[in-house]
Amino acid sequence: MESHEKVLSDLIAEAHTVTGRELAGLVFRAGRRMGLDGTRMYVADLQQTSLVALPQPVPVETQTRDIDGSLAGLAYRTERTQRSRDGHTAWAPMIDGIERLGVLKATARDLGEDLTRRCEALADVAALLLASKSSHNDLLIEAGRRRKMTVQGELMWAFLPPRTIGTADVTSSAVLEPAYDIGGDAFDHSLTEDALHLTLLDSMGHDLASGGASAAGLAACRAARRSGGTLSDIVPAIDTILDQWFTDRLMTAVIADLNVLDGTFTWVNCAHPPPLLIRDGQVLPRTLEREPDLPLGWAFHAASPPTVHQTRLQPGDRILFYSDGVTEARSTQGDLFGEERLADTVIRAMAAGDPAPEALRRLLKELLNHQAHRLRDDATIVLTEWHPGPHGP
């Protein structure tokens, strides 16, 4: 049997010129060289309800796997490899950084510890290759879609970052619905050497103009931030763009920076619901609630800078950002989803050991069930965790 290092090295080299349709076959052949009988690549659909098989070199017995009701789904939810009772099958999560992409199914006569580790290494490389090709390969993008995307949805997903990013010190994870028909909500998170930047925007309306306004808002935010601008610079930059090009649109926003070295959390709130601070398994009421600034648009911020707020987090703190489409979601009986249910769902999921992306997936599932899968407004949630590790040489 060849060394798995050589197999993986060859896989990376060969992947440079293959198409998305050929990727699963390339991984399959690498798996055979490592001693596996075969592999199957499954990617999560956009709403994270199913795992969908990519085109394979041999027929796939099951095209989809339920994330909530299968061993494959358990590997995805827990981000840990799962093995069948007979020892012939392993499901290894495919994770790009800390963003869950799907799972790799591997089969062999005897999946011992050594071969399972090889399978996990193969899944890691497969995830990197999948991520590198997904941005420009329609087959890979379409594999994760269960229905047609609206134009404004297509526009917004093109602008949004990965749903989960992080380091040893901090994690930020986000979800957004309705996934195929996004209106005016948008989120952004980005890392520098010692800081995490966070943005949540909610543009008035639910149409292409709303999506365009949010996309322009993200672009203005990034342009100001990447030119060395502070929060005080970002707010008027977005405000100016909206006033010039989207004169009939107002936008609420929370824009924040988290220093991942000392936990300093700095933010501005432009007429948006205040973030929630979760510490030791409970919400600290009103801790991040401040008098909000005016919304973005109509040049409200042209003459005066926004109010910048600051607090100091403790290790293990979590901050929950959300749009009003979450707390104002109504059941068929008229019950609001509410802030308390929002926080409680996240806290229970995290207490059960769910990683942040899984906690938000479960929250979004509960929100959709609450409103009978008919959202009347965009619902966006961002969960940030500060979990600093040791620093120094």
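You'll find the structure just up there.
Residues numbered from 1 in each chain as written. Predicted model: local features only at pLDDT ≥ 70, side-chain atom pairs only at ≥ 80, totals over all residues. Heavy atoms only, no water.

Digging into the overall build of the chain
Step number 1: The secondary structure content of the chain amounts to 11 helices and 17 strands.
Step number 2: Over its C-alpha atoms the chain spans a radius of gyration of 22 Å, differing by no more than 12% from the 21 Å that the globule rule assigns to 393 residues.
Step number 3: Principal-axis analysis of the C-alpha atoms gives the chain an extent of 70 × 50 × 45 Å.
Step number 4: A fraction of 65% describes how many contacts in the chain between residues 6 or more apart in sequence connect residues 24 or more apart.
Step number 5: Accessible area of the chain: about 17,200 Å², with a carbon and sulfur share of 50%.
Step number 6: For the chain, the distance from the average site of its 39 positive side-chain charges to the average site of its 54 negative ones is 8 Å. (Helix = DSSP H or I, 4+ residues; strand = E, 2+ residues; numbered from the N terminus. Rg over C-alpha atoms; globule rule 2.2 N^0.38 Å. Contact = heavy atoms within 4.5 Å. Areas by Shrake-Rupley, 256 points an atom, 1.4 Å probe, with all protein chains shown as cover. Lys, Arg positive; Asp, Glu negative; His and termini not counted. Charge placed at Lys NZ, Arg CZ, Asp CG, Glu CD.)

Things to note about the environment of R286
Step number 1: Mapped onto the elements of the fold, R286 is located in the loop between β14 (282-283) and β15 (309-312).
Step number 2: The exposure class assigned to R286 is exposed, which follows from its relative accessible area of 63%.
Step number 3: On a C-alpha basis, the gap between R286 and V18 in space is 53 Å, while along the polypeptide they are 268 residues apart. (Buried < 20%, exposed > 50% of the residue type's maximum accessible area, 1.4 Å probe, protein only.)

Section: the pattern of salt bridges
Step number 1: Inspection of every chain in the model, using the stated rule, returns 21 salt bridges.
Step number 2: With its nearest N and O atoms 2.9 Å apart, the salt bridge here joins R83 to E113. Separated by 30 residues along the polypeptide, R83 in strand β4 (residues 82-83) and E113 in helix α4 (residues 113-134) bring together distant segments of the chain.
Step number 3: Using a relative accessible area of 36% as the deciding quantity, one classes R83 as partly exposed.
Step number 4: Look at the salt bridges and you will find they share partners, linking D68, R100, D354, E358, R361, R362 and K365 into a network. (Salt bridge = Lys/Arg side-chain N within 4 Å of Asp/Glu carboxyl O.)

Things to note about the pairing of strand β12 (residues 264-270)
The two faces of a sheet get side chains in turn, since along a regular strand they alternate between them.
Step number 1: Along β12, seven of the seven residues are buried, which leaves the element largely enclosed by surrounding structure.
Step number 2: By the alternation rule, side chains of β12 split into T264, T266, V268 and C270 and F265, W267 and N269, which are all buried.
Step number 3: In textbook terms, the turn of a hairpin is the stretch between consecutive antiparallel strands, and for strand β11 (residues 251-259) and β12 this stretch comprises four residues, one of which, G263, has a positive phi near 80 degrees.
Step number 4: Bridge count between β12 and β15: four bridges; the pairing is antiparallel. When the bridges of β15 are listed, F265 appears paired with T311. (Pairing = 2+ DSSP bridges.)

Things to note about helix α11 (residues 356-370)
Step number 1: With 15 residues, α11 ought to run about 21 Å at 1.5 Å a step, and its terminal C-alpha atoms sit 21 Å apart, in line with that.
Step number 2: Of all 15 residues in α11, 11 are buried, a share of seventy percent or more.
Step number 3: Among the residues making up α11, those that are buried are A356, P357, E358, A359, L360, R361, L363, L364, L367, L368 and H370.
Step number 4: Of the residues one or two after α11, A372 is the one with positive phi, at around 55 degrees. (Expected span 1.5 Å × (residues − 1).)

Details of the packing of helix α7 (residues 208-225) against helix α8 (residues 231-245)
Step number 1: Packing of α7 against α8 brings their axes to within 8 Å, and their N-to-C directions diverge by 140 degrees. Read as a crossing pair, α7 and α8 show a hand that is right-handed. Every residue of α8 that contacts α7 at A213, A216, G217, A220, C221, A224 and R225 is listed here: D233, I234, A237, I238, I241 and L242.
Step number 2: Across the contact of α7 with α8, the residue classes break down as 10 nonpolar, one polar and two charged. (Axes fitted to C-alpha atoms, helices over the stretch in contact; angles between N-to-C directions. Left-handed = near helix turned anticlockwise from the far one by under 90°. Nonpolar A, V, L, I, M, F, W, Y, C, P; charged D, E, K, R; others polar.)

Here we look at the side chain of K133
Step number 1: By secondary structure assignment, the location of K133 is in helix α4.
Step number 2: For the buried K133, no salt bridge exists, and the shortest N-O distance to an oppositely charged side chain is 7.6 Å, to E22.
Step number 3: Every residue in contact with K133, bar those within four places of it in the chain, is listed here: A15, H16, V18 and L140.

Examining a nonpolar patch on the surface
Step number 1: Together, L294, W298 and F300 line one region of the surface with nonpolar side chains, adding up to about 300 Å² of accessible area.
Step number 2: Residue placement: W298 occurs in the loop between β14 and β15. (Patch = residues over 30% accessible without salt bridge, like charges linked within 9 Å, V, L, I, M, F, W, Y side chains within 5 Å.)

A word on the sheet that holds strand β17 (residues 379-386)
Step number 1: The strand order across the open sheet formed by six strands is β7-β8-β17-β16-β13-β14, and the pairing between neighbours is antiparallel. Both edges of this open sheet fall to β7 (164-166) and β14, since each of them pairs with a single strand only.
Step number 2: Direction of pairing for strand β13 (residues 276-279) relative to strand β16 (residues 318-322): antiparallel, over a ladder of three bridges. Bridging across to β16, L276 finds its partner in L320.
Step number 3: Together, β13, β14, β16 and β17 form the strand contacts of helix α10 (residues 338-351), whose direction differs from that of β16 by roughly 140 degrees.

Remember that the coordinates give geometry; whether it matters functionally is a separate question.
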